[in-house]
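One letter stands for each residue in the lines below.
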Amino acid sequence: MAGMGSGYGKTILFGEHFVVYGVPALASAIGDTTTCIVESKDGTGYELNDDRPEVPGYKEKKFDDQKISIKNVLNFMGVNLNEKALKITLGGELVCASGVGASAASCVSLARAVNDEFNLGWDDEKINAAAYEGEKGYHGTPSGIDNTASTFGGLVYFIRNLEGGPNTIETIKPEKPIELVIASSGMTASTTVVVGDVRKKKEEDPEWFEGVVKDYEKVIKEGRKALETMELERVGQLMNKNHELLQQITVSNDVLDNMVKLARDNGALGAKVTGTGRGGNIIALTPGAELQDKVYNALTDAGHPAWKTLIGI
Ligand code: MEV
């Protein structure tokens with residue numbers, strides 16, 4: 001007997017970091033997934049085989065967080081490792097890197113595999129809640145956007161409920177899927193550290209931070225509308241504006257800025273950091289297969305592993 005599950009990778013189109021403070025954000029699942037197989041064994045504790053592809057160093061850097069995360073998911077789902085043992089095998093084609101929701105996808109896949117192995121009958125909402133507990137292992141105060149996109153798929157408009165009640169989750173469907181390029185800086189950043197640094201900056205100068213958030217609120221409001229009406233030039237401009245705001249809160253760096261510039265110079269309608277930043281990935285909006293290929297080639301030729309994907313499927 002073995003239980004199986006999977007979770008989507010994700011990319012944040014608008015609003016990483018700002019989403020932590022209860023401001024709306026937009027994320028999209030990507031086609032690549034992490035898969036998990038859970039097998040019950042005699043004994044106690046768990047054995048982990050982590051066969052996920054990675055950018056070099058990712059898994060080692062996240063290993064301690066991963067242990068807490070797995071414990072959180074199992075506890076939340078009522079699995080007592082003092083009474084039973086599990087073999088957990090992670091795989092799938094999602095390449096683990098900061099910014100693609102690798103941690104969220106692994107939490108969702110684990111929760112689904114446990115659900116399957118023990119016939120718990122949990123629906124997506126409960127799986128999402130379990131994955132959220134897992135995400136806390138990677139950073140203490142996740143907004144919940146990553147596990148939500150990873151669980152439900154599609155394009156997700158998300159507002160974190162700061163009072164602890166249910167988050168706002170709305171699915172958006174553009175007229176047709178839109179090509180996107182994701183490219184890796186090769187650097188792995190700690191979400192806990194970067195989110196913590198941004199919080200410190202906010203606390204040091206609340207007025208300044210509020211101003212940046214106000215600018216961002218205009219971006220997300222217009223960005224959502226432009227996506228729904230397929231005004232892609234405008235979506236790109238707003239992604240560029242979002243990148244500027246991420247620079248202001250210090251989550252970009254020279255490598256990421258150069259990647260963003262390269263993507264734009266090669267015709268991307270917009271490009272920005274996605275996810276935690278200070279490493280991880282950028283995304284570039286590249287409607288049409290031809291433009292997508294051009295930007296993909298420019299980034300890979302410059303030594304950045306890249307992926308072609310579609311949003312809004
Ligand atoms: C990380 O993918 C996104 C952040 O906004 C953190 C979070 O939302 O929990 C940086």
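All values reported here derive from a predicted model rather than from experimental measurement.

Concerning the packing of aromatic side chains
Tallied over the entire structure, the rule returns 5 aromatic pairs. Pairing Phe18 with Tyr216 gives two aromatic rings, centres 4.7 Å apart and planes at 10 degrees, and the pair type is stacked. With Phe18 in the loop between β1 (3-14) and β2 (25-41) and Tyr216 in helix α6 (residues 206-228), the pair connects residues that are 198 residues apart, well separated along the chain. For the residue pair Phe18 and Tyr216, the accessibility class agrees, reading buried in each case. Each residue in the set Phe18, Tyr21, Trp208, Phe209 and Tyr216 is aromatic and connected to the rest through ring pairs, giving one cluster. The positively charged end of Lys84 is found above the aromatic ring belonging to Phe118, 5.0 Å away from the centroid.

A few points about the site of the ligand
Close to the ligand lie 14 residues; His17, His139, Pro142, Ser143 and Asp146 are nearest. Taking Lys10, its side chain carries an N or O atom lying 3.4 Å from an oxygen atom of the ligand. Within the backbone of His17, an N or O atom sits 2.9 Å from an oxygen atom of the ligand. In isolation the ligand has 290 Å² of accessible area, and contact with the protein removes 97% of it. Mapped onto the shell around the ligand, the elements with two or more residues apiece are β1 and α4 (145-152). Among the residues making up the shell around the ligand, the classes are represented as 6 nonpolar, 5 polar and 3 charged. Here the shell around the ligand gathers at least three residues from each of two domains, domain 1 (3-172) and domain 2 (178-311).

Focus on helix α1 (residues 58-76)
When the terminal C-alpha atoms of α1 are compared, their 26 Å separation across 19 residues agrees well with the 27 Å that a helix rising 1.5 Å per residue should span. The principal kink in α1, of about 50 degrees, is found at Asp64. For α1, the full list of buried residues reads Tyr58, Lys59, Lys62, Gln66, Ser69, Ile70, Asn72, Val73 and Leu74. Close packing links the buried residues of α1 with β3 (45-50), β4 (85-92), α2 (102-117), α3 (124-138) and α5 (191-204).

So, the sheet that holds strand β7 (residues 178-184)
Spatial ordering of the open sheet is given by β8-β9-β7-β10, a layout of 4 strands whose pairing is antiparallel. Of all strands in the sheet, those with a lone pairing partner are β8 (270-274) and β10 (306-311), marking the two edges. Sheet twist, expressed as the average angle between the axes of neighbouring strands with direction ignored, equals 25 degrees. Of the strand pairs in this sheet, β7 and strand β9 (residues 281-285) are connected by 5 bridges, and their pairing is antiparallel. Paired with Ala183 across the bridge in β9 is Ile282.

Reading guide: rules and limits
- Residues numbered from 1 in each chain as written.
- Predicted model: local features only at pLDDT ≥ 70, side-chain atom pairs only at ≥ 80, totals over all residues.
- Heavy atoms only, no water.
- Phe/Tyr/Trp six-rings, centres within 6.5 Å; stacked < 30°, edge-to-face > 60°.
- Helix = DSSP H or I, 4+ residues; strand = E, 2+ residues; numbered from the N terminus.
- Buried < 20%, exposed > 50% of the residue type's maximum accessible area, 1.4 Å probe, protein only.
- Lys NZ or Arg CZ within 6 Å of the ring centre and 35° of its normal.
- Near = heavy atom within 4 Å.
- Polar contact = N/O pair within 3.5 Å; in protein donor to acceptor, adjacent residues only side chain to side chain.
- Areas by Shrake-Rupley, 256 points an atom, 1.4 Å probe, with all protein chains shown as cover.
- Nonpolar A, V, L, I, M, F, W, Y, C, P; charged D, E, K, R; others polar.
- Domains from an automatic or database assignment.
- Expected span 1.5 Å × (residues − 1).
- Bend = angle between axes of the 7 residues up to and from the residue.
- Contact = heavy atoms within 4.5 Å.
- Pairing = 2+ DSSP bridges.
- Axes fitted to C-alpha atoms, helices over the stretch in contact; angles between N-to-C directions.

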